[in-house]
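Commentary on secondary and tertiary structure
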Amino acid sequence: MSFTNFKVPYSIDERFNKRVAYFSMEFAVHQPLKIYSGGLGFLSGSHMRSAYELRQNLIGIGILWKYGYYDQARNQDQTLQVQWNEKIYNFLEDTGIKFQIQIHEHPVWVKAWYLNPETFKSAPMFLLSTDLPENDYVSQTITHRLYDANVATKVAQFILLGVGGAKLIDLLNFNPELYHLNEAHAISSAFYLYKKYGSVEEVKKRMVFTTHTPEEAGNEKHDIFLCEKMSYFCGMKLDDVRKLTGMEGDQFNHSLAALRFAKLANGVSQLHGEVSRKMWGKYKDICEIKAITNAQNWMYWADKQLYHFMNENNDAGFDDRKKFLKKRAFDVVADQTGKWFNPNVFTIVWARRFAGYKRAELLTRDLARFEALLSNKKYPVQIIWAGKPYPVDYPAISDFNNLVHLSKNYSNVAVCTGYELGLSKRLKQASDLWLNNPRVPREASGTSGMTAAMNGAVNCSTNDGWICEFINHGNNGFVVPPIDYENISVHEQDEYDLNKLYEILENQVLPLYYDNHEVWRQITQNGMRDVRFQFDSNRMAQEYYEILYK
């Protein structure tokens, strides 16, 4: 295949014929391609699948991480062990393209690999690597670990994605009409394009940006002098960079730069759009921030047989299928943990990236109520936790390990490792209740509950992110009634949410599941119907063309 004048190798739907290059640090396209960490990757992976389904004129630009995010293994006592294992892929094509970019005033060789759309039914994707014998060891490590903990390495990764990605696009002669940055990691591309076109106006015409972070502290900032030293600004003098980006002080704020270079941006849920406009409103010269709610690819995630039985009004078939899905998933749980779970017992699953604000262990903070929940003979319960903390987020790792030790005291509690696409789908199929309890308003969107609903799980959540647009309490899921969270302390918020969650579980959810299963099934199916189109990423990918790319 020739990569000199690259065109998307399938017929394009004329509604989506604008050429777009989509930049992301991570993509979760399919389990074997381990170049993702969590929600951002799950989102971009679904986007690539929908771009393929809708025949959009879009390519993905990412990085081929030699060791991935990390492999989550266990120490002898079952606690979390971080492993870095080399990944080898036979399904990526060598484009034959090799080129140099400047990193730390030093030429670094970059090689491009290609993921053919037919391999995993995704948009065509190009993945960059510096793991080449032509490079010194330090340069090779740029593409070793996703989100490397070393600050200089991380800045180098941002340069590779932005400048390297933009240069690759020039070598492909793809000539995108738009550069879409999924998060601000690739904003260095703006400086490359500025050098190419000579004016901010020309860059602005071509750049759009998706922000995923609902609080300022979460947006990446790096020392502006380090960025300059690392060649982040493509040789531009610091005074010129400040003039161009309006940056003051010693910190370079990647998201703020993206909002100033883009012609249009979007938040990832309606609530997040509002939060973002409020948060960034105090800065001048930023672009308009719209909202396009995240979604997940129904074709990839949904259990089609559950949907078939639901559409046929075959309740026995539906219940039998859900029980089969639970049983099959419990084999994985038993293999990992030695806990043999019962498919007839109500199963709660909390599974996503471990991070402090997501409060994985919230239910365990009231140990008396937790004990009562687990030992209830009338309404028996099983709980599964899973998720990968960031490998140097020690408080989150500590939360994970505490749950592992806690689980040793109960036959009906399990903690699984290796939470990636494959296990994610299995645990959603295992789940009767998908628990999601981030501190409001810190979850920009969250998407795990969408795919849980696509597999016959009912969502129970705090009122944040996409949930605000989805849950109708008692009809298609359960939601903690929001209060004025802004004016109470974190401790009070945690107490309130904890009590409300237990009230919902004890007084509504469990009696329904065991005493009124017809209604429970109806709630499950309402959730399945409500995510089917509104939260299928085909809707989202179409909205990107209609709202952000127009």
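Quick notes on the rules
Per chain, the residues get numbers from 1 upward, laid out in the order the sequence is written. Selection of residues for local features in this predicted model requires a pLDDT of at least 70, selection of side-chain atom pairs for listing and counting requires 80 or more, and totals for whole chains, interfaces and linings are taken over all residues. Side-chain calculation: all heavy atoms of the structure are included, whereas hydrogens and water are not. Counting from the N terminus, the helices are the DSSP runs of H or I reaching at least four residues and the strands are the DSSP runs of E reaching at least two. For the radius of gyration, the atoms used are the C-alpha atoms, and the globule rule reads 2.2 Å times the number of residues raised to 0.38. Only protein chains enter the accessibility calculation, which uses a 1.4 Å probe; a residue is then buried when its area is under 20% of its type maximum, exposed when over 50%, and partly exposed in between. Here, Shrake-Rupley sampling with a 1.4 Å probe gives the accessible areas, and only protein chains in the shown set may cover a residue. All tallies of charge rest on Lys and Arg as positive and Asp and Glu as negative; His and the ends of each chain are not included. Every charge is mapped onto a representative atom, which is NZ of Lys, CZ of Arg, CG of Asp or CD of Glu. Two strands pair under a simple rule: DSSP has to find at least two bridges between them. In this description, a line fitted to the C-alpha atoms serves as the axis of each element, helices being fitted only across the stretch in contact, and the angle between N-to-C directions of two axes falls anywhere from 0 to 180 degrees. Aromatic rings from Phe, Tyr and Trp, with only the six-membered ring used for Trp, were paired whenever their centres fell within 6.5 Å, and each pair was classed as stacked if the ring planes differed by under 30 degrees, edge-to-face if by over 60, and tilted otherwise. The distinction between a cavity and a pocket rests on a 1 Å grid over the protein atoms alone: a 1.4 Å probe fits inside a cavity but cannot get out, while a pocket stays open yet meets protein on both sides within 12 Å along at least five of seven lines, and a residue with an atom within 4 Å of a point counts as lining. Grid points are joined across faces, edges and corners, and a volume is the space filled by probe spheres set on the points. Only Asp, Glu, Lys and Arg are considered charged, only Ala, Val, Leu, Ile, Met, Phe, Trp, Tyr, Cys and Pro nonpolar, and every remaining residue, Gly among them, polar. Each salt bridge in this description consists of a side-chain nitrogen of Lys or Arg and a carboxyl oxygen of Asp or Glu lying within 4 Å of one another. If an angle is under 35 degrees, it is roughly parallel; if it is over 145, roughly antiparallel; if it lies from 65 to 115, roughly perpendicular; otherwise it is oblique. In this scheme the handedness of a crossing depends on how the near helix is turned from the far one: anticlockwise by less than a right angle means left-handed, clockwise means right-handed. By definition in these notes, contact holds between two residues if any of their heavy atoms fall within 4.5 Å. With strands facing away from the observer, any crossover in which the path from the first strand over the helix to the second runs clockwise is taken as right-handed. Polar contact criterion, stated in full: a pair of N or O atoms within 3.5 Å, where within protein one must be able to donate a hydrogen and the other to accept it, and residues adjacent in sequence count only if both atoms are side-chain atoms.

1. Some words on the overall build of the protein
- Each helix and strand counted, the protein has 20 helices and 19 strands in total.
- In terms of C-alpha radius of gyration, the protein reaches 23 Å, essentially the compact-globule figure of 24 Å for 550 residues.
- Taking all 550 residues of the protein together, 62% fall into the buried category.
- Only carbon and sulfur atoms are counted for the fraction: they give 49% of the accessible area of the protein, which is about 20,500 Å².
- When the 62 positive and 63 negative side-chain charges of the protein are each reduced to one mean point, those points stand 3 Å apart.

2. Here's the deal with the sheet that holds strand 17 (residues 433-436)
- Judged by pairing direction, the sheet is parallel, and its six strands sit side by side in the order 16-15-14-17-18-19 without closing on themselves. Because the sheet does not close on itself, it has two edges, and the strands there are strand 16 (413-416) and strand 19 (477-479). Mean inter-strand twist for the sheet, computed between neighbouring axes without regard to direction, equals 20°.
- In this structure, strand 18 (residues 458-461) lies alongside strand 19, joined through three bridges in parallel fashion.

3. A look at the packing of aromatic side chains
- According to the stated counting rule, one finds 44 aromatic pairs in the structure shown.
- Ring plane angle 80° and centroid distance 5.8 Å describe the contact between Tyr 36 and Phe 42, whose orientation is recorded as edge-to-face. Assigned by exposure class, Tyr 36 and Phe 42 land together as buried.
- Each ring, one from Phe 354 and one from Phe 400, has its centre 5.3 Å from the other, and the planes form 70°; the classification is edge-to-face.

4. Concerning empty space enclosed by the protein
- Counting across every chain of the model gives three cavities of 30 Å³ or more.
- Here the largest cavity is characterised by a volume of approximately 50 Å³.
- Looking at the largest cavity, the residues that line it are Lys 34, Tyr 36, Tyr 67, Gly 68, Tyr 69, Tyr 70, Asp 71, Lys 87, Lys 388 and Glu 420.
- Here the residues of the lining of the largest cavity are counted per class, giving four nonpolar, one polar and five charged.

5. Quick word on the pattern of salt bridges
- Inspection of every chain in the model, using the stated rule, returns 33 salt bridges.
- Lys 111 is paired through a salt bridge with Asp 94; the nearest N and O atoms lie 2.8 Å apart. Here the residue Lys 111 occupies a position in strand 6 (residues 107-115), and Asp 94 occupies one in strand 5 (residues 93-102), the gap between them amounting to 17 residues.
- With relative accessibility at 11%, the residue Lys 111 sits in the buried group.
- Residue Asp 94 is classed as partly exposed on the basis of its relative accessible area of 41%.
- Glu 361 is the salt-bridge partner of Arg 365, the closest N and O atoms lying 2.8 Å from each other.
- For Arg 365, a relative accessible area of 38% puts it in the partly exposed group.

6. Some words on the packing of helix 12 (residues 304-311) against helix 13 (residues 315-337)
- At a minimum axis separation of 8 Å, helix 12 and helix 13 run at an interaxial angle of 165°. Accordingly, the angle class assigned to the pair helix 12 and helix 13 is roughly antiparallel. Judged by the twist between their axes, the crossing of helix 12 over helix 13 is left-handed. Seen from helix 12, the contacting residues are Gln 305, Leu 306, Phe 309 and Met 310; seen from helix 13, they are Gly 317, Phe 318, Arg 321, Lys 322 and Leu 325.
- Taken together, the residues that form the contact of helix 12 with helix 13 break down as five nonpolar, two polar and two charged.

7. Structural notes on the pairing of strand 16
- Burial along strand 16 is two-sided: the face carrying Val 413 and Val 415 and the face carrying Ala 414 and Cys 416 are both buried.
- As paired elements, strand 15 (residues 381-386) and strand 16 share four bridges and run parallel to each other. In the strand pairing of strand 16, Ala 386 is matched with Cys 416.
- For the crossover that starts at strand 15, traverses helix 15 (residues 394-407) and ends in the parallel strand 16, the hand is right-handed.

8. Considerations on the sheet that holds strand 9 (residues 207-210)
- Taken in spatial order, the nine strands of this open sheet run 5-6-7-2-1-8-9-12-13, and their pairing is mixed. With one partner strand each, in any of the chains shown, strand 5 and strand 13 (288-291) form the two edges of the open sheet. Ignoring strand direction, the axes of neighbouring strands in this sheet form an average angle of 25°.
- The sheet contact formed by strand 12 (residues 264-267) and strand 13 spans four bridges and is parallel. Residue Ala 265 lies in a different strand from strand 13, and its bridge partner there is Ile 289.
- Here helix 20 (residues 537-548) sits on the sheet and contacts strand 1 (20-23), strand 2 (58-63), strand 8 (178-182), strand 9, strand 12 and strand 13; the angle it forms with strand 12, its principal contact strand, is near 140°.

9. So, the side chain of Asn 266
- Considering the arrangement of structural elements, one finds Asn 266 in strand 12.
- On the basis of relative accessibility, which here comes to 0%, the residue Asn 266 falls in the buried class.
- Side-chain polar atoms of Asn 266 contact the side chain of Tyr 544, separated by 3.0 Å.

10. Observations concerning unusual backbone geometry
- Look at the link from Val 440 to Pro 441: it is a cis peptide, with omega at 5°.
- Residues other than glycine seldom take positive phi values, yet Glu 105 does so here, at roughly 55°.
- Mapped onto the elements of the fold, Glu 105 is located in the loop between strand 5 and strand 6.
- In this model, Glu 183 sits at a positive phi of 75°, which is unusual for a non-glycine residue.

11. A closer look at the layout of surface pockets
- In this model, the second largest pocket occupies a volume close to 380 Å³.
- For the second largest pocket, the lining is made up of 15 residues, of which Val 275, Lys 278, Val 440, Pro 441 and Glu 486 are closest to its centre.
- Classifying every residue of the lining of the second largest pocket gives nine nonpolar, one polar and five charged.

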